[in-house]
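# Residue-level structure breakdown
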Amino acid sequence: MQALTDGSRLMTESLVRSGADVFIGYPITPANNLYAYSKNRFKTFLAAPDEITTMQWMCGFSIAGHLPVTATSFPGFSLMMESINMAYMMELPMVIVLVQRLGPSTGTATCGAQGDLTLLEGMLSGGYNLPVLATSKANDCWTLAEKAVKTANKLRSPVVFLTSKEEMMTQFSFDLGLLEEISPVKRTFYSSDETYYPYKRDENAIPAFLPVSSNKHQVRITASTHNEQGILEGISEAALKNTLMISEKIEKNLGSYLDYELDEKEDAEILLVSWGVTANAVREAARELNNSGKTVSTFIPKTLLPLADVYVDIITKYKHIVFAEENHNSQLKKLIYGARVPSNVHCVNKIGRMIDPMEIIEEVKKHG
Amino acid sequence: MDNQFIINEPLPFCKGCGHTVVSKSTEKALQKLQLNPRDVVLVTDIGCHGIIDKAFATHTVHGLHGRSVALGSGISAGLDNPDKKVIVFVGDGGATIGMQHLIDASHNGFNMTVVIHNNMLYGMTGGQPSEFTPEGFKTPTLPEGAQHAGYDICALASEAGAAYVKRISAIGDISDELAEAFSRKGFSLLEIMEICPSYGVKSNPGLKLKQLMKNAGLDEKVYADKEPRAYKTEERSETSSLLSSKLKIEKNYDSKLSKPIRMFLSGSAGEGVQAAAELFIRAGMKSGLQVTKKGSYPVTVGVGFSASHLILSPDEILYSDSPQPDVMIVSSKDGLSFARKQVEKLDENKLLFIDDSLELPETKAKVVSLPFREEAGARNAMIYALFHYLNQSGFMPMEALKEVFGNSKISGNKKLSELVSGKF
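Residues numbered from 1 in each chain as written. Chains lettered and ligands numbered in written order. Predicted model: local features only at pLDDT ≥ 70, side-chain atom pairs only at ≥ 80, totals over all residues. Heavy atoms only, no water.

## Notes on the overall build of chain A
Scanning chain A for helices and strands turns up 13 helices and 16 strands. The C-alpha radius of gyration of chain A comes to 21 Å, within 12% of the 21 Å expected for a compact globule of 368 residues. In terms of its C-alpha atoms, chain A occupies a principal-axis envelope of roughly 70 × 45 × 40 Å. The 368 residues of chain A split such that 64% are buried. Pairs at least 24 residues apart make up 74% of the contacts formed inside chain A by residues separated by at least 6 positions. Carbon and sulfur atoms make up 48% of the accessible area of chain A, which totals about 12900 Å². Averaging the positions of the 35 positive and the 42 negative side-chain charges in chain A gives two centres separated by 2 Å. (Helix = DSSP H or I, 4+ residues; strand = E, 2+ residues; numbered from the N terminus. Rg over C-alpha atoms; globule rule 2.2 N^0.38 Å. Buried < 20%, exposed > 50% of the residue type's maximum accessible area, 1.4 Å probe, protein only. Contact = heavy atoms within 4.5 Å. Areas by Shrake-Rupley, 256 points an atom, 1.4 Å probe, with all protein chains shown as cover. Lys, Arg positive; Asp, Glu negative; His and termini not counted. Charge placed at Lys NZ, Arg CZ, Asp CG, Glu CD.)

## Notes on the packing of aromatic side chains
Residues and elements named next belong to chain A. Inspection of the entire model under this criterion finds 26 aromatic pairs over all chains. Judged by centre distance (5.0 Å) and plane angle (85 degrees), the rings of Y35 and F45 are edge-to-face. Of this pair, Y35 sits in helix α2 (residues 32-41) while F45 sits in strand β3 (residues 44-47), and the two are 10 residues apart along the sequence. Assessed through its relative accessible area of 11%, F45 is described here as buried. (Phe/Tyr/Trp six-rings, centres within 6.5 Å; stacked < 30°, edge-to-face > 60°.)

## Considerations on the domain arrangement of chain A
Residues and elements named next belong to chain A. According to the domain assignment, chain A consists of domain 1 (2-178) and domain 2 (260-365). For domain 1 and domain 2, the distance between their C-alpha centroids amounts to 25 Å. In this complex, domain 1 contributes 27 residues to the contact, which on the side of domain 2 involves 25 residues. Contact between domain 1 and domain 2 buries roughly 2000 Å² in total, counting both sides, with carbon and sulfur atoms accounting for 61%. On the domain 1 side of the contact with domain 2, Q114, L117 and S136 bury the most area, a combined 36% of that side's loss. (Domains from an automatic or database assignment. Buried area = accessible area lost by both parts, 1.4 Å probe.)

## Here we look at the layout of surface pockets
The volume enclosed by the largest pocket comes to roughly 1300 Å³. In terms of lining residues, the largest pocket is bounded by 50 residues, among which Y319, D321, S322, P323 and Q324 of chain B are the most central. Elements represented by at least two residues in the lining of the largest pocket include exactly β6 (108-112), α7 (165-169), α10 (279-291) and α13 (357-365) of chain A together with β10 (261-268), β11 (290-296), β12 (305-313) and α10 (333-345) of chain B. Per-element tally for the lining of the largest pocket: the top contributor is α10 of chain B, with five residues. By residue class, the composition of the lining of the largest pocket is 18 nonpolar, 12 polar and 20 charged. Along the walls of the second largest pocket sit 28 residues, with K137, A138, F172 and N280 of chain A together with I317 of chain B positioned nearest its centre. (1 Å grid on protein atoms, 1.4 Å probe; cavity = no way out; pocket = protein on both sides within 12 Å on 5 of 7 lines; lining within 4 Å. Points joined across faces, edges and corners; volume = space filled by probe spheres on them. Nonpolar A, V, L, I, M, F, W, Y, C, P; charged D, E, K, R; others polar.)

## Quick look at the pairing of strand β2 (residues 59-62) of chain B
By the alternation rule, side chains of β2 of chain B split into H59 and V61 of chain B and T60 and H62 of chain B, which are all buried. Bridge count for strand β10 (residues 220-222) of chain A against β2 of chain B is three bridges, and the pairing is parallel. If you follow I221 of chain A over to β2 of chain B, its bridge partner there is V61 of chain B. Alignment of strand β1 (residues 40-44) of chain B against β2 of chain B, held across four bridges, turns out to be parallel. Within β2 of chain B, the residue paired with T44 of chain B across the bridge is H62 of chain B. (Pairing = 2+ DSSP bridges.)

## Points about the interface of chain A and chain B
Every contact between the two is made by 71 residues of chain A and, on the other side, 67 residues of chain B. Between chain A and chain B, the buried area comes to about 5700 Å², and carbon and sulfur atoms account for 56% of it. Remark: the boundary between chain A and chain B carries two salt bridges. K294 of chain B is the salt-bridge partner of E166 of chain A, the closest N and O atoms lying 3.9 Å from each other. Take the side of chain A that touches chain B: its biggest share by element is eight residues, from helix α3 (residues 51-63) of chain A. Of the residues contributing to the side of chain A that touches chain B, the split by class is 33 nonpolar, 22 polar and 16 charged. (Salt bridge = Lys/Arg side-chain N within 4 Å of Asp/Glu carboxyl O.)

What follows is the structure, given as structure tokens:
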């Protein structure tokens, strides 16, 4: 069934079908469509007066047993960051959709960008990561939204769902018949008669969750460094262990939310790498190049954080690697290589507009 | 009376601290109300008062500095259960930082009680003044004394709509006052005046709390006692899918298009540019084409330019921008200002449709200059220009565009409808 839609519509519908039950938000361009769709689609919708309140209400709803969602852009996200650190430390399931726009600061609200990846990598004090998934095409708005909700629930963690202005606001024809069925997340809460410890972990380092609606067990939720009972303990051995175990939980379970697209061509010596809004330009450039006899492979990571070891394995097989990103410094490349970038790694970067597939093709032609 | 709520003693406060009075009276108040520890969610802020949560057998939530009221609001709305009592302990520092949250919670009527431990300074970080520090009150970092009066939070919260507000001092047994606040539906606030024994007493030797309150006009009284406007969380049992069959666009026509057409429409905000663009791509879909439409406009959507990048293609569209459009349509001065450089870059294989009232920029493109605005009016100039363009290009049936036009609100414009049916 062909329909005229946008990514915000697909994403909102998928979030709801996946079991997210509350949207809390403060409107900001270019996340407005998500806000507007959510107003009509979520069972519960709260209009918060600002982004700090948004994230605190999100945490409150999560503590009460809900699975909340918000959508924002950098100016709002930056206000949320202390509270997202809190949600990470409290281990509260929720989904935060970050719609990138041109920065720094308020930048240009109506212009897209891919400028917030390194921000996400460094946003938790201590250098920890929370799961970051990123859309790269229309169907990702559907499938990754489900993955975001289910990962938040499974890992008992906030999940950042990264996207950008054009991915959320551009209208396009789309065959709704291609969308896969989504089943709502099955939430299980601690039900044993034994004393509940809010941060006692299972073999996957995941603590059982229990909302404060419980009439049976005491629930302690804590933002400061705490032991498995949820009691502040400063730098006690138990409290520091708990802090490290939160990170362990995110890393150890990466396989359950790892997602990427790899189109490897035999004999290809060049790999095109991108994520987010530029992924389609890379796909189009690859199509053109392969049709014209110049063989290239493409790699589109969709789980951006934590970075998976397999990404390095994939990339390092190639003679030349071309990164295309709508930012000034190739942030994915920066995360993978740090300060020392090998000479066979090349970049196409633009700010203020989408990267044209022709620009990627031109870069490829420089390298054989 | 045995403790039911405080399970770890001694309490972690300095000798003579009013926080101890609040905690012990809270134990008594909750017992008086015959509550069970599982009926209570105690939310604490950052500050000396906040280290109390580990002493309590209730559910406890320990958050960020200044945000406990917002966090408690979220918990209260999330639980949406009047049988669960959400109590927020916050200091005057946290209340200063989170003042908006207090006003907001009062305004919304969230079911909760906020207990402000007001010792008139930030105790945990060395005794800095807060916005609650009364005029003349000295602190270690403000030995000359505050230059102006502090906030009257009781007056502010009352004005914002709180159901019950009272100011008292942390002297003796205050469990009746706490029980009264806890028993209220909607939003209740108790401001409890204290003097910090470590910083307040030392900086203001001999000062008595009651005298200070009298001098500062901080009366011990009820500020609000009204019918509660208790918050109820909306939870709809059923909402409509965003992917209903109404979105379906049937293919009724065939297009001759063999490769993508990239179009750039540029006009003025408020002149129907986006609506016209959407009609055009809908007609494309009715003709079996894949389409994209990327809008471009300033944040003030009602003024300045409004532009739209369209792609219509017989095949899947990946890249959805059109930096080198095949066709440009410019319908207004704002549109020309925005698109001028692009127009100037067009080569001889490209097409420019432009309103004839506009100065024609230097361009190699084939130009069609017609009185779109004059004939159809400013509001309909873009859709009218699109009819002209399709009439000339013929890459999809005119009937497709006429059909979507006929089903749109724009067709209600009599003059435009007559023009369309007469010319196309």
